[in-house]
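Geometric and topological summary
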2 protein chains.
Amino acid sequence: MNNIITIADGAGGEKMDHLIKKTFLKYFEKNGEKVDVPLSELDDSAVINGIVFSTDTHTVQPLFFPGGNIGSLAVAGTVNDVSVMGAKPLALSTGFVIEEGFSKSDFERIIATMAEMAEKADVPIVTGDTKVVEKGALQEMIINTSGIGVRTPLLDSNIEEVRRYREYKGEWLLDSNLEEGDKIIVSGRIGDHGVALLSFREGYGFESKIKSDVAPVNGLIEEVLKAGGVTTAKDPTRGGLSNTLNEISEKSGVGIIVYEEKIPVSNDVKAACEMLGIDPLEIGNEGKVVLGVVKEKAEEVLDSIKKHPLGKNAEIIGEARSDVKGVLMETIVGGRRVLHKPIGDPIPRIC
Amino acid sequence: MNNIITIADGAGGEKMDHLIKKTFLKYFEKNGEKVDVPLSELDDSAVINGIVFSTDTHTVQPLFFPGGNIGSLAVAGTVNDVSVMGAKPLALSTGFVIEEGFSKSDFERIIATMAEMAEKADVPIVTGDTKVVEKGALQEMIINTSGIGVRTPLLDSNIEEVRRYREYKGEWLLDSNLEEGDKIIVSGRIGDHGVALLSFREGYGFESKIKSDVAPVNGLIEEVLKAGGVTTAKDPTRGGLSNTLNEISEKSGVGIIVYEEKIPVSNDVKAACEMLGIDPLEIGNEGKVVLGVVKEKAEEVLDSIKKHPLGKNAEIIGEARSDVKGVLMETIVGGRRVLHKPIGDPIPRIC
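The shown structure was predicted, so the numbers you read here are calculated from the model rather than taken from an experiment. Starting from 1, residues in each chain are numbered consecutively following that chain's sequence as written. The lettering of chains begins at A and the numbering of ligands begins at 1, in the order of writing. The model is predicted, so local features are restricted to residues of pLDDT at least 70 and side-chain atom pairs to those at 80 or more, both for listing and for counting; the totals for chains, interfaces and linings are taken over all residues. Note that water and hydrogens are dropped before the side-chain values are worked out from all heavy atoms of the structure.

Section: the pairing of strand E8 (residues 183-186) of chain B
Residues and elements named next belong to chain B. Two strands qualify as a pair provided that DSSP identifies no fewer than 2 bridges between them. Numbering of helices and strands runs from the N terminus; a helix is a DSSP stretch of H or I covering at least four residues, while a strand is a stretch of E covering at least two. Here E8 runs beside strand E11 (residues 290-293); their pairing, made up of four bridges, is antiparallel. By the bridge assignment, lysine 183 is partnered in E11 with valine 293. The pairing of E8 with strand E12 (residues 315-321) spans four bridges and is antiparallel. Paired with valine 186 across the two strands is glutamate 315, which belongs to E12.

What follows is the structure in structure tokens.
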């Protein structure tokens, strides 16, 4: 089975890392030498000539789910990937592939949602492409959204603020910018998107209480940049919080400790995850951000997040520590547990 | 059948126009008001804050075909869409969706081809996304490539040259820039890509002589900008030369006459098309450009194209005329024939 691509190869975890490093980086890296933030950073976006550039193809099934649809996901997902670089998203592209026979009214509903989401985020959809393939060649529809963004003075003032407290070489909010002492903040309750989708898809019935958190976070990021002191930012999508923290820890070369009691998870998600035997920390989110913040500014940044509609359940969940390796969690029952990078996403096709 | 999406809705012709105008423009247009070249131009790329931005999802079947594969197509296609705005392509993104069970060696061959093509075009692939879906949810693989580009002094000097001869308000090489008197140039023989693909797919056997023309045209565009006097540029992909000329004529509000004897088509493509009952003018190309050029500069631009490896069969094929409506062709046998915008592409999934 080693010569074929499996679901886990595309699931955002350990196996996917391997696929990316063995193929994409091997072949594409040398092309990107003069890029400000190259492919080899494997960050949320690349940066070239000051232009932040990101892409995401959305294959979610079913297309409509509690709290959103493939269209809202496609818009928010790419707005978020550009935003967490510390950039202002400027515009989106859309690439539709549609199965012949797809309902025009469902198509229009999806387009209307995208327009609404784009307006909410204040990021226009400026260019697009549409392909229709024969029945059976694709399940319903997939949407690629790519996005571009630019630097604003907000990012500069944020970095200036970081530099009041520690040395900082970052020009963008890269995964590799975390340093010992930085606090880790998560902007709200985790697990909602993945659990809502899984529950709805499999008919478990939790979706009456749990809805996807899908939302553009660019407004929230603006607020934290205004507060200042943010060193890194990432949206915990595929592979969830565990994957995101591991990525940051690995790329920054510093350990992370988080405190289970501080990690915001709704009781409904907790209950659903227990029943389904899945870990809420490994489930994708679509409207959340994980931040590294210099410790002196952590409370101020937390306050600024809590004032934003998307951030009222934000928490400081841990900190970067050089005396630990990888990502550890102090559990509520006591003791420490290693948070691994998931091998593959426990729930396929949630984004 | 009016409430479902059909193959023709995505084929780049008349029906697709309708779908786009009824949905995309209706919902997305108001988002793009302040964009330099907005979605409503339906040009090859949008331009926002001086950044040229384009996207294309490639669904070609089979993935490997005479002269290339889905990877070369994906790279060249987007490089070309950015280039024909008169911009310099800066970088590409890739969004893969792969069916579970896809061969890793085929995957690597495709990636290697993309790297090679990107190097040839000198446009790095800087960011990407990969999704793997379960068996049966997608036929093999599709690739989205989005691209960004920037203005260079070459475009400015080209426009300056245009303005020596006529009033010209264009800032980019838009489809709407053609004016009476401008000459129409095509950069080489048309029909190769579509015929090679169709023949190979259906086993007609012409592919021994006919190969896809897939190639990045950014180098060629640079040469014509250096010559100067180019008013519009477009790559004749889906719907072929007929569709491209109709788009330009419609958007520019001026008629076009072309001369059949001047349109470069290889004898092999002519023979294949006759046997298959398809019109070479309606077939997609992947390494060609259609240009509008002020008449005083047409010969000079033609010479500059002919010096480029991709342009040795270039021809001046016609001109813009206010005394005709739409696109007419003076045929070899005598008389004029209307070149219609194809209802849909005669050959699905060639790009």
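Remarks on the pattern of salt bridges
Residue and element names in this part refer to chain A. Whenever Lys or Arg places a side-chain nitrogen within 4 Å of a carboxyl oxygen from Asp or Glu, that contact is recorded as a salt bridge. For the coordinates displayed, the defined rule picks out 58 salt bridges over all chains. Ionic pairing is found between arginine 164 and glutamate 161, a salt bridge with its closest N-O pair at 3.1 Å. Burial status follows relative accessibility: with a 1.4 Å probe on protein chains alone, a residue under 20% of its type maximum counts as buried, one over 50% as exposed, and anything between as partly exposed. On the accessibility criterion, arginine 164 (58% relative accessible area) is exposed. Across the pair lysine 226 and glutamate 223 runs a salt bridge, and its minimum N-O distance is 3.3 Å. Here glutamate 223 and lysine 226 lie together in helix H6 (residues 218-227), a separation of three residues that amounts to about one turn. Judged by its relative accessible area of 29%, glutamate 223 is partly exposed. It is possible to trace a salt-bridge network through shared partners that takes in Asp44, Asp175, Lys234, Glu247, Glu250, Lys251 and Lys341.

Describing unusual backbone geometry
Look at the link from glutamine 61 of chain A to proline 62 of chain A: it is a cis peptide, with omega at -5°. Here proline 62 of chain A is to be found in the loop between strand E2 (51-58) and strand E3 (64-65). Residues other than glycine seldom take positive phi values, yet asparagine 49 of chain B does so here, at roughly 50°. Within the secondary structure layout, asparagine 49 of chain B lies in the loop between strand E1 (46-48) and strand E2 (51-58). Accessibility expressed as a relative area gives 52% for asparagine 49 of chain B, which makes it exposed.

A look at the packing of helix H5 (residues 192-202) of chain B against helix H8 (residues 267-276) of chain B
Residues and elements named next belong to chain B. Where H5 contacts H8, the two axes come as close as 10 Å, and the packing angle between them is 55°. As judged from the angle between their axes, H5 and H8 are oblique. For the pair H5 and H8, the crossing hand works out as left-handed. Residues Asp192, Val195 and Leu198 of H5 form the contact with H8, whose participating residues are Val269, Ala272, Cys273 and Leu276. A fitted line through C-alpha atoms serves as each axis, taken over the contacting stretch for helices, and the angle formed by two N-to-C directions is quoted from 0 to 180°. Put simply, angles under 35 degrees are roughly parallel, angles over 145 are roughly antiparallel, angles from 65 to 115 are roughly perpendicular, and the rest are oblique. By definition, any crossing whose near helix is turned counterclockwise from its far helix by less than a right angle is left-handed, and any crossing with a clockwise turn is right-handed. Should any heavy atoms of two residues lie within 4.5 Å, those residues are counted as being in contact.

Concerning the interface of chain A and chain B
If you look at the interface, chain A gives 78 residues, while chain B gives 78 residues. Take the accessible area each of two parts loses on contact, using a 1.4 Å probe, and add the two losses: that sum is the buried area. Three residues, Ile5, Phe53 and Lys104 of chain A, lead the burial of chain A against chain B; their summed loss comes to 10% of the area buried on that side. Between aspartate 56 of chain B and lysine 131 of chain A there is a salt bridge whose closest N-O contact spans 3.1 Å. Within 3.5 Å is the distance limit for a polar contact, defined as a pair of N or O atoms, with the added protein rule that one can donate a hydrogen and the other accept it, and that residues adjacent in sequence qualify only through two side-chain atoms. At the surface where chain A touches chain B, the tally comes to 27 residue pairs in polar contact (both at pLDDT 80 or more). Elements supplying a minimum of two residues to the side of chain A that touches chain B: helix H1 (14-28), strand E1 (46-48), E2, strand E5 (88-99), helix H3 (104-121), strand E6 (125-133) and strand E7 (141-150) of chain A.

Observations concerning the packing of aromatic side chains
Here a pair means two rings of Phe, Tyr or Trp (six-membered ring of Trp) with centres within 6.5 Å. Their orientation is stacked below 30 degrees between planes, edge-to-face above 60, and tilted elsewhere. Counted by the stated rule, this structure contains nine aromatic pairs over all chains. For the pair phenylalanine 24 of chain A and phenylalanine 28 of chain A, a centre-to-centre distance of 5.8 Å together with 50° between the ring planes defines the contact as tilted. A residue pair is termed a helical-turn pair when its members lie 3 or 4 positions apart in one helix, as phenylalanine 24 of chain A and phenylalanine 28 of chain A do in helix H1 at four residues. Phenylalanine 24 of chain A gets classed as buried once you look at its relative accessible area, which sits at 6%. Each ring, one from phenylalanine 107 of chain A and one from phenylalanine 24 of chain B, has its centre 5.7 Å from the other, and the planes form 80°; the classification is edge-to-face. Remark: phenylalanine 24 of chain B occurs in helix H1 (residues 14-28) and phenylalanine 107 of chain A occurs in helix H3; the pair is interchain, linking two chains. We classify phenylalanine 107 of chain A as buried; its relative accessible area is 1%. Note on geometry: a ring has a charge over it if NZ (lysine) or CZ (arginine) is within 6 Å of the ring centre and within 35 degrees of the ring normal. Stacked on the ring of phenylalanine 64 of chain A, the Lys or Arg arginine 109 of chain A has its end atom at 4.0 Å from the ring centre. Above the face of the tryptophan 172 of chain B ring, arginine 151 of chain B is positioned so that its terminal group lies 4.7 Å from the ring centre.

In short, geometric facts, not functional conclusions.
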